[in-house]
Amino acid sequence: MVAALSAARGFKAAAYGGSVVILERNRVVGRKLAITGKGRANVTNARSKEEFVRAFGPSGRFLYPAFESFFSDDLVTMFAEAGLQLKTERGGRVFPITDKAQDVVQAFAQLLVRDGVDTLYSARVRSIDAGPGGWTIGLESGKPVRCRAIIVATGGMSYPGTGSTGDGYGLLEHMGHHTSPLLPGLVSLHCAEKWLGELAGTSLEGVAVEAWVGRKLLGRSHGEVMITDRGVGGPAVLSLSLAVVPALAEGQDVALHMDLRPELGVDREIHDMEACGNAEAVLAYVLKFLPKRMALQLMSVWGIEGKGRTPLPRKTLAAIAKSVKGVELRCTGTDPLASAIITHGGIVLQEVDPRSMGSKVVPGLFIAGELLDLQAVTGGYNLQAAFSTGFLAGRCAAEYVAKSANDGRL
Ligand SMILES: Cc1cc2nc3c(=O)[nH]c(=O)nc-3n(C[C@H](O)[C@H](O)[C@H](O)COP(=O)(O)OP(=O)(O)OC[C@H]3O[C@@H](n4cnc5c(N)ncnc54)[C@H](O)[C@@H]3O)c2cc1C
């Protein structure tokens, strides 16, 4: 509901007059916002516009006008107006100082009341139709709503319990728009290696992960990796999944390389491992940088479990060192879209004007938020994009209504 809330504020900020109403299927405001950032709401990032655009990959440039209209500094000011201060943490991640996502939802609700924005709850939109003089919106229950411009910001398909069940794709396809393949985004990856299952719940810090298809590097990431009962997750893997998921969807064989000690070069790692000389010393050595469960599991994967102080051949020690620098995993799939953080894919960008979020297919129609085929790594980028595209869509919808009324089109 982030893009819709921001669109309503953009509409009001344009000050062309006219009224704006939000049609929300839920009975409450911000159900998804309330669970973001593990309940702390990583609402944006302190990094520059250029870094934001990079975080969205090849499509990022589409967002420049939206970031020009409403960016992270505007977000900080907006929440300050509602009495909520934000703070910046590691990696430029911005959170409410209260560490409570619910406070972000409350602050937003407060701003809407202050700005005189009406919200109709339990108002699930089932159809939108363009006609002379504007739009007719069919609701699941209740009388149709008529309006002069419409902003569709129904989100994606992850966490459908929050209301984002993908309704917007069908509504917009009905208007002539197209949707790119909808895949899980920022999602845990499943791996073939059964030994991982024994370590479910183990967290590895400061790991470098690379994804490869044959000799082609799909992407790399660094940070925390969480071992799950079916493979790997955690911030480093979630971000990498944006490159992995489309390749898996095309049936490609994706391999993951996990460097458990990226701060050391391979030669140095081999040197240190060779200096261990025996299994007992190898264990003591890896326990310096790996959790015990992982260290013990790797001892059995390396086949040196229980070998005590028996000297190990240099070749074996070198191979162990290389495996610390490159644990090989084969990707077999991902967690489902419903439990992904975002939807990878959406309304194709070529059909949307980045300067207004206006549809290039139907006049008076605007599209914002996660519904668009835009996805970024973790770190507050996705929420900021929803705020920014929403605000721009709202402002331009207000302009459209005012202009159309003046020249008699509406
Ligand atoms: C668990 C989780 C944690 C996350 N954490 C972060 C984070 O920390 N930082 C970050 O940047 N991003 C995070 N995200 C991603 C972020 O929440 C989304 O990108 C963002 O919410 C998208 O905003 P939106 O307004 O486009 O869609 P949504 O927030 O999904 O809102 C869409 C709204 O439309 C309503 N709706 C849907 N269909 C209809 C209909 N037919 N009629 C009427 N209303 C309808 C829904 O009820 C919902 O309120 C997280 C996502 C999840 C699932």
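Residues numbered from 1 in each chain as written. Predicted model: local features only at pLDDT ≥ 70, side-chain atom pairs only at ≥ 80, totals over all residues. Heavy atoms only, no water.

### Thoughts on the pairing of strand S15 (residues 255-259)
Here's step 1: As paired elements, strand S12 (residues 203-213) and S15 share 5 bridges and run antiparallel to each other. Residue pairing for S15: tryptophan 212 is matched across the bridge by alanine 255.
Here's step 2: The pairing of S15 with strand S16 (residues 327-334) spans 4 bridges and is classified as antiparallel. Looking across to S16, one finds that alanine 255 is bridged to arginine 330. (Pairing = 2+ DSSP bridges. Helix = DSSP H or I, 4+ residues; strand = E, 2+ residues; numbered from the N terminus.)

### Looking at the nonpolar core
Here's step 1: Counting residues in each nonpolar core, the largest one holds 79 residues, and the members touching the most others are Phe79, Ile128 and Phe387.
Here's step 2: The leading source of residues in this core is helix H12 (residues 381-406), at 13 residues.
Here's step 3: Look past the residues within four positions of isoleucine 128 in its chain and what remains in contact with it is Trp135, Thr136, Ile137, Ile150, Val152, Leu171, His174 and Met175.
Here's step 4: In this structure, Leu189, Val225, Ala279 and Phe289 belong to the second largest nonpolar core, which totals 48 residues. (Core = buried A, V, L, I, M, F, W, Y, C linked by side-chain atoms within 4.5 Å. Buried < 20%, exposed > 50% of the residue type's maximum accessible area, 1.4 Å probe, protein only. Contact = heavy atoms within 4.5 Å.)

### Quick notes on the packing of aromatic side chains
Here's step 1: All told, the structure shown has 10 aromatic pairs when counted by the stated rule.
Here's step 2: Judged by centre distance (6.0 Å) and plane angle (85°), the ring pair of phenylalanine 79 and phenylalanine 108 falls under edge-to-face. Of this pair, phenylalanine 79 sits in helix H4 (residues 72-81) while phenylalanine 108 sits in helix H5 (residues 101-114), and the two are 29 residues apart along the sequence.
Here's step 3: The rings of Phe52, Phe67, Phe71 and Tyr381 are connected pair by pair, giving a single aromatic cluster.
Here's step 4: The ring of phenylalanine 95 carries the charged tip of arginine 40 above its face, separated from the ring centre by 3.9 Å. (Phe/Tyr/Trp six-rings, centres within 6.5 Å; stacked < 30°, edge-to-face > 60°. Lys NZ or Arg CZ within 6 Å of the ring centre and 35° of its normal.)

### A few points about the layout of surface pockets
Here's step 1: The space that makes up the second largest pocket amounts to roughly 200 Å³.
Here's step 2: Lining the second largest pocket are 13 residues; nearest its centre among them are Ser356, Gly358, Phe366, Cys396 and Tyr400.
Here's step 3: Elements that contribute at least two residues to the lining of the second largest pocket include exactly strand S19 (358-359), strand S20 (365-367) and H12.
Here's step 4: Broken down by element, the residue count for the lining of the second largest pocket peaks at 4 residues, all from H12.
Here's step 5: Split into classes, the residues belonging to the lining of the second largest pocket amount to 6 nonpolar, 4 polar and 3 charged. (1 Å grid on protein atoms, 1.4 Å probe; cavity = no way out; pocket = protein on both sides within 12 Å on 5 of 7 lines; lining within 4 Å. Points joined across faces, edges and corners; volume = space filled by probe spheres on them. Nonpolar A, V, L, I, M, F, W, Y, C, P; charged D, E, K, R; others polar.)

### Details of the site of the ligand
Here's step 1: Lining the immediate surroundings of the ligand are 33 residues, of which Met1, Glu24, Asp167, Glu370 and Leu383 lie closest.
Here's step 2: Between the ligand and glutamate 370, the relevant distance is 2.8 Å, taken from an oxygen atom to a main-chain nitrogen or oxygen of the residue.
Here's step 3: Contact distances for the ligand include 3.5 Å between an oxygen atom and a backbone N or O atom of asparagine 382.
Here's step 4: In the complex, 95% of the free accessible area of the ligand, which totals 990 Å², lies under the protein chains.
Here's step 5: Looking at the shell around the ligand, the elements with two or more residues in it are helix H1 (2-14) and H12.
Here's step 6: The leading source of residues in the shell around the ligand is H12, at 4 residues.
Here's step 7: In terms of residue class, the shell around the ligand is made up of 14 nonpolar, 13 polar and 6 charged. (Near = heavy atom within 4 Å. Polar contact = N/O pair within 3.5 Å; in protein donor to acceptor, adjacent residues only side chain to side chain. Areas by Shrake-Rupley, 256 points an atom, 1.4 Å probe, with all protein chains shown as cover.)

### Things to note about the domain arrangement of the chain
Here's step 1: Domain parsing of the chain yields domain 1 (2-183 + 339-403) and domain 2 (189-334).
Here's step 2: Computed from C-alpha coordinates alone, the two centres of domain 1 and domain 2 are separated by 39 Å.
Here's step 3: If you look at the interface, domain 1 gives 8 residues, while domain 2 gives 7 residues.
Here's step 4: When domain 1 packs against domain 2, the two sides together hide about 600 Å² of surface, and 79% of this comes from carbon and sulfur.
Here's step 5: The largest contributions to the domain 1 side of the interface with domain 2 come from Leu183, His344 and Thr378, which together make up 61% of the buried area.
Here's step 6: Counting the contacts that link domain 1 with domain 2 gives 0 salt bridges.
Here's step 7: Joining domain 1 to domain 2, the criterion identifies 2 residue pairs in polar contact (both at pLDDT 80 or more).
Here's step 8: Considered class by class, the residues forming the side of domain 1 that touches domain 2 number 5 nonpolar, 3 polar and no charged. (Domains from an automatic or database assignment. Buried area = accessible area lost by both parts, 1.4 Å probe. Salt bridge = Lys/Arg side-chain N within 4 Å of Asp/Glu carboxyl O.)

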